[in-house]
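The primary structure of each chain is shown beneath.
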Amino acid sequence: MKEKVVLASSLCKQYQIGSLTIEAVKNLDLEIEKGEFVSIYGPSGAGKTTLLNLIGGLDKPTSGKVVVFGHDLGTYDEDFLATFRCAYVGFVFQSYNLISTLTAIENVAFAVELAGWPRERIGKRSENLLKLVGLEHRANHFPAQLSGGEQQRVAFARALANDPPLLLADEPTGNLDVETGLEIVRILEKMKAEGKTVIITTHDERILELANRTLRLHDGRIMDTNE
Amino acid sequence: MSEISFPIKDLTRRKYQTGLTILGLTICTSATLFLVIFGSNLGFEIAFLTVGGRLTSGFSNIFSRFILVVGLLNILAGAFITSFLVYLTMSERVRDIGVMKAAGCLSGSILGYFITELSILVFLSCIAGTIFGIGAYYLSINLLNALGFSVSQALSLWAVFLVFLILILVSHIFGALPIIKAAKVKPAEALSPLYSLGTTFELGRAVPSKLGFTFKVAYRSLVRRKSATGQAIICLAVVLTLTTVTIAGGMIANQTTTNYVERAIGRDVVLVGHPNLTERYVNLLSQFFETKEMESIDYLDPDFLNISESLVLKLSNIPGVRKVDPRLVLEASVLEIPGIIPDPDDPNEALVIGDSRSDEALILGVKPEVVVNEWLIMGRIFGKADQRSTIIGDSLALKMFDDPQNQSIKVRAHTFEETFDIVGVCLDPLNNGKVVYAPLNALSTELGQPGYNLLFLKIDPSERSQVLAEIENEISGKNLELVELNEVLGRHVSFVNHIWSFVMFLPLFSLVTATLCLLSYLMLSIAGQQREFGIMRALGARPRSIMKIIFTQALLITLISGAIGISVGLFVTFVFLIPEPVVSQYTLVSVAGWLLLTLGLLCLSSLYPAMKAVKKSVVGAIYSV
């Protein structure tokens, strides 16, 4: 039996906006095994990003449990969650979210440095990762000097910097054209081949086809599961 | 929407920014006003109004220069703070301006809206600042009076009006600059999510990677917001110049003036004379801090001239008496005698200076070799054989003479009329500096009065009580009184210290203003970086790493502006404020300590926005707009 990487039970997340309470995730149960490639899709406001944030320890559940790699994330403080994210999770956001004041290679190295790697290994690791996404020639460019596709590839390199066992990607091709999106799909294929656990929210058919399992989320609940 | 209702609604909607701007301007206004009205009441009216008041001209010069420099710096700081705070406000409003322009609003109308906002802010701040400034003034005056000094409560309404007017004008001029700049932004630019007023894509020189990401991110963020960073540095540098001038200048000026007073009166000096005359002398000496009405007195009354040569000899033989300084003192009219100097334009030609001005002064016949005072600020003391030379007080020198050392003074008293060449100027609080020290022999001969009416004895402080008892013993039954001048000196020093201690409140104002500037800048900087801080935390950066970045930004700005501000402040202090300071090592260490404390507190204040920034949830930070 494979190791359970993510275990969510009766997971709920509510947001309070003034007097209005929004239930982004409702009583959700989910299990994801090691090495699985899970795609989540659904309409805007279905709770996809919230679910990813809860699994990644960026947000805490209002009720229920989310256990990732054996850690009940709702019970830890901010410092532990930072260490947890650094060690276990790689994030890729729809809008790339690179640090604008750091160059491409520095963005990658930043994540490695957070993990406390020795200084001499940080440079080598960052160069290798940029080579992996085909951007070694753009290493010293700032995000504003890179195209959308290039920025997203740097974001993938950064997400993989610490060799995390879990990759969370929030609509990574959402802001990209078809051609550039294909470059991202190729990177995801490599990750799948490497046996990484990937959870990805997307509407991109090419990514959905890659997945071992697809979940359709609607109004904070899982409506369908296709394996 | 009308040009009035929009700005009012806009200001009330943005309570935090409005409050911050009003607070900064209010502090500047109240500090400037307090300084000017407090200063003018104590007699050191600014600049051209220097002459007059109760302080001697020498002291007045130091105080008035201080007031002038600090007042100007306060106005300058007020102007820069207005400009900076308005700039920060406008940098957050560029998007609104874009929307207004896209909706067809003319640049002129936009300018009108924001200038009206500026006027509301400036008027509110200046009114509040005036109220606080006057309040602080009355509080200080009442405190001084409660401590035993008699300081008038008169308020110079002209000074209040002038400061109010200047600050209103300067704030409007400096505040309008960023508004004009922001109103000129093209709508397409203003609406672009990438555009931010005053930011650049240039990220400065490469930073050595060994300094780590904290420094790299902090440094490059500062460079990126180069316009705001530049303004913050200028603003803080001006405020820190002001802080340095008030701390260093205040402490050094305090020590210098205290030293002047000590040297002028002399330490461990005992006065012996007829009770009426010693009381008169003490009153004349106390004019410096306490105005007293005095009736005319005949100094040459035979009852007062009862200090014989044999008594002088006996007293000088008492062990523990270090110096005996007999004097013949009287009040007389003095007249300026014109002098001749080489013409500065043509050295072959001579120029007559002087205006035959006259005044009343205290004339003191002294033996130069035994004078207990060390109060010379210019020239030399006359020698034993110098029968026609004199030293005059600083107030007399300033009021009556163009070039005292090249002029003479005529003294008229009783049947006596004599002209003396001025060889030196002394800083003397006695009779507010209106004093003439002349050779005792010459004065006695001219007046036909060989005796003395006052005797000054410098005693050994370690044998004080024994010496005093022996002096008392020698003068008993001779209708003479002994007065210790240390008590009068103590009151002088205390008066000077109190004045400076009130002036020293100003660094507190400056520090609050500087903190406000730094916090405003950091708030803007954090708002711009909030999303990136969220990303860093998502990647695994701990909250304290984010705090370190913000603290490093504050440190960099504080160090740069501190280096500029402190250098300029020290230059102003030593070149313009007190060109001949009396500085002890302790004062220098104190000044350095206070300045370091100021910079430290300034840096520490950045912890507040840093803590506020990391309190925001990671998700909230990442998705913040």
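Note that this is a predicted model, so its numbers are computed, not measured. (Residues numbered from 1 in each chain as written. Chains lettered and ligands numbered in written order. Predicted model: local features only at pLDDT ≥ 70, side-chain atom pairs only at ≥ 80, totals over all residues.)

Moving on to the overall build of chain B. Looking only at helices and strands, chain B features 19 helices and 12 strands. The long-range share in chain B, meaning contacts at least 24 apart out of those at least 6 apart in sequence, stands at 85%. (Helix = DSSP H or I, 4+ residues; strand = E, 2+ residues; numbered from the N terminus. Contact = placed C-beta atoms within 7 Å.)

Let's shift gears to the overall build of chain A. Of the regular secondary structure elements, chain A holds seven helices and 10 strands. Its C-alpha radius of gyration of 17 Å places chain A within 12% of the 17 Å reference for a compact globule of 227 residues. Along the longest, intermediate and shortest principal axes, the C-alpha atoms of chain A span 45 × 45 × 40 Å. When each of the 227 residues of chain A is scored for burial, the buried share is 51%. Within chain A, contacts between residues at least 6 apart in sequence are counted, and of these 68% link residues at least 24 apart. (Rg over C-alpha atoms; globule rule 2.2 N^0.38 Å. Buried ≥ 20, exposed ≤ 12 C-beta atoms within 10 Å, placed from the backbone.)

When two helices pack together, you describe them by how their axes are tilted relative to each other and by the distance separating the axes. Residues and elements named next belong to chain A. Relative orientation of the contacting elements helix H5 (residues 148-159) and helix H6 (residues 178-193) amounts to 15°, with a least axis distance of 9 Å. Taken as axis vectors, H5 and H6 run roughly parallel relative to one another. Considering only the axes of H5 and H6, their crossing is right-handed. Of the residues in H6, those touching H5 at Gly148, Gly149, Gln152, Arg153 and Phe156 are Thr180, Glu183, Ile184 and Ile187. Each residue belonging to the contact of H5 with H6 can be placed in one class, and the counts come to three nonpolar, four polar and two charged. (Axes fitted to C-alpha atoms, helices over the stretch in contact; angles between N-to-C directions. Parallel < 35°, antiparallel > 145°, perpendicular 65-115°, else oblique. Left-handed = near helix turned anticlockwise from the far one by under 90°. Nonpolar A, V, L, I, M, F, W, Y, C, P; charged D, E, K, R; others polar.)

The subject of this paragraph is the domain arrangement of chain B. Residue and element names in this part refer to chain B. The domain architecture assigned to chain B consists of domain 1 (1-197), domain 2 (202-264 + 525-625) and domain 3 (275-479). Distance from the C-alpha centre of domain 2 to the C-alpha centre of domain 3: 53 Å. With four residues of domain 2 in contact, the opposing surface of domain 3 contributes six residues. The residue makeup of the side of domain 2 that touches domain 3, split by class, is three nonpolar, no polar and one charged. (Domains from an automatic or database assignment.)

The interface of chain A with chain B comprises 21 residues on the first partner and 22 residues on the second. When contributions to the side of chain A that touches chain B are tallied by element, the ones reaching two or more residues are helix H2 (78-88) and helix H3 (104-114) of chain A. Examining the composition of the side of chain A that touches chain B, we find that six residues originate from one element, H2(A), more than from any other.

Residues and elements named next belong to chain A. On the basis of which strands lie adjacent, the open sheet formed by four strands has the order E2-E1-E4-E5 and antiparallel pairing. Bordering the open sheet on either side are strand E2 (20-33) and strand E5 (71-72), each of which pairs with just one other strand. Pairing of strand E1 (residues 4-17) with strand E4 (residues 63-68) involves five bridges; the strand directions are antiparallel. Following the sheet pairing, Cys12 is matched in E4 by Ser63. (Pairing = 2+ DSSP bridges.)

Among the nonpolar cores identified, the biggest contains 247 residues, and A:Val108, B:Leu236, B:Val436, B:Leu457, B:Cys517 and B:Leu539 are the most heavily contacted of them. Considering every element that reaches this core, the biggest residue donor is helix H3 (residues 57-102) of chain B, with 22 residues. (Core = buried A, V, L, I, M, F, W, Y, C linked by C-beta atoms within 7 Å.)

Another point: unusual backbone geometry. Residue and element names in this part refer to chain B. Of note, the phi angle at Asn431 is positive, near 50°, even though the residue is not glycine. As for its placement among the helices and strands, Asn431 is situated in the loop between strand E9 (416-426) and strand E10 (435-439). Given 23 C-beta atoms within a 10 Å radius, Asn431 is considered buried. One non-glycine residue, Asn479, adopts positive backbone phi at about 55°. With respect to the secondary-structure elements, Asn479 resides in the loop between helix H13 (464-475) and strand E12 (481-484). You can call Asn479 partly exposed: it has 13 C-beta atoms within 10 Å.

Time to look at the sheet that holds strand E6 (residues 89-92) of chain A. All names here are of chain A. Read from one edge to the other, the open sheet built from six strands follows the order E6-E7-E8-E3-E9-E10, with strand pairing classed as mixed. Looking at the sheet topology across the chains shown, the edges are occupied by E6 and strand E10 (221-226). On average, adjacent strands in this sheet sit at an angle of 20° to one another, irrespective of strand direction. The sheet contact formed by strand E7 (residues 166-170) and strand E8 (residues 197-201) spans five bridges and is parallel.

Here the focus is H13(B). Residue and element names in this part refer to chain B. Between its terminal C-alpha atoms H13 stretches 16 Å, which fits the 16 Å expected from 12 residues at 1.5 Å a residue. Among all positions of H13, only Val467, Ile471 and Ile475 are buried. Projected down its long axis, H13 shows its buried positions confined to an angular sector of 65°, all on one face. Exposed side of H13, more than 90 degrees from the buried face: Ser465, Ala469 and Asn473 are the residues found there. In this structure, the buried residues of H13 make contact with strand E1 (269-273), helix H10 (309-316), strand E2 (321-337), strand E11 (454-459) and E12. Positioned one or two residues after H13, Gly477 has a phi angle of 80°, which is positive. (Expected span 1.5 Å × (residues − 1). Arc of directions from axis to C-beta.)

The subject of this paragraph is H6(A). Residues and elements named next belong to chain A. Across its 16 residues, H6 extends 22 Å between first and last C-alpha, which sits within 8% of the 22 Å expected from 1.5 Å per residue. Along H6, the residues that are buried comprise Gly181, Ile184, Ile187, Leu188 and Met191. For H6, the angular spread of buried residues about the axis comes to 110°, placing them on one side. In H6, those exposed residues whose orientation departs by more than 90 degrees from the buried face are Val178, Glu179 and Ala193. Those residues of H6 that are buried are in contact with H5, E7, E8 and helix H7 (205-210). Where H6 ends, the next residue or the one after it, Gly195, has phi of about 85°, a positive value.

It is worth spelling out the environment of B:Gly98 at this point. Residues and elements named next belong to chain B. Considering the arrangement of structural elements, one finds Gly98 in helix H3. On the basis of neighbour counts, which here come to 19 C-beta atoms within 10 Å, the residue Gly98 falls in the partly exposed class. Taking the C-alpha atoms as reference, Gly98 lies 9.8 Å from Ala182; in sequence the two are 84 residues apart.

All names here are of chain B. Summary statistics for chain B give a mean pLDDT of 81 and a share of 89% for residues scoring 70 or more. Across chain B, E10 holds the top mean pLDDT of 91, while helix H6 (residues 187-191) sits lowest at 72. Note that residues 43-54 has pLDDT below 50 and, in this model, 39 contacts with residues that lie over four places away or in other chains. Interface confidence for the predicted complex, given as ipTM, is 0.87, next to a pTM of 0.73. (pLDDT = per-residue confidence, 0-100.)

Residues and elements named next belong to chain B. Summarising the element assignment, Leu284 is placed in helix H9 (residues 275-286). Look at Leu284 and you get buried, because 20 C-beta atoms sit within 10 Å. In this structure the C-alpha to C-alpha distance between Leu284 and Leu169, which are 115 residues apart in sequence, comes to 44 Å. Leave out the neighbours within four places in its chain, and Leu284 touches Leu362, Leu430 and Asn431.

Moving on, we come to the packing of helix H16 (residues 543-577) of chain B against helix H18 (residues 607-615) of chain B. Residues and elements named next belong to chain B. It is the contact of H16 with H18, at a shortest axis distance of 9 Å, that shows an interaxial angle of 145°. H18 is crossed by H16, and the crossing has right-handed handedness. For the pair formed by H16 and H18, the contact residues are Pro543, Ile546, Met547, Ile550 and Phe551 on the first element and Leu607, Pro609, Ala610, Met611, Ala613 and Val614 on the second.

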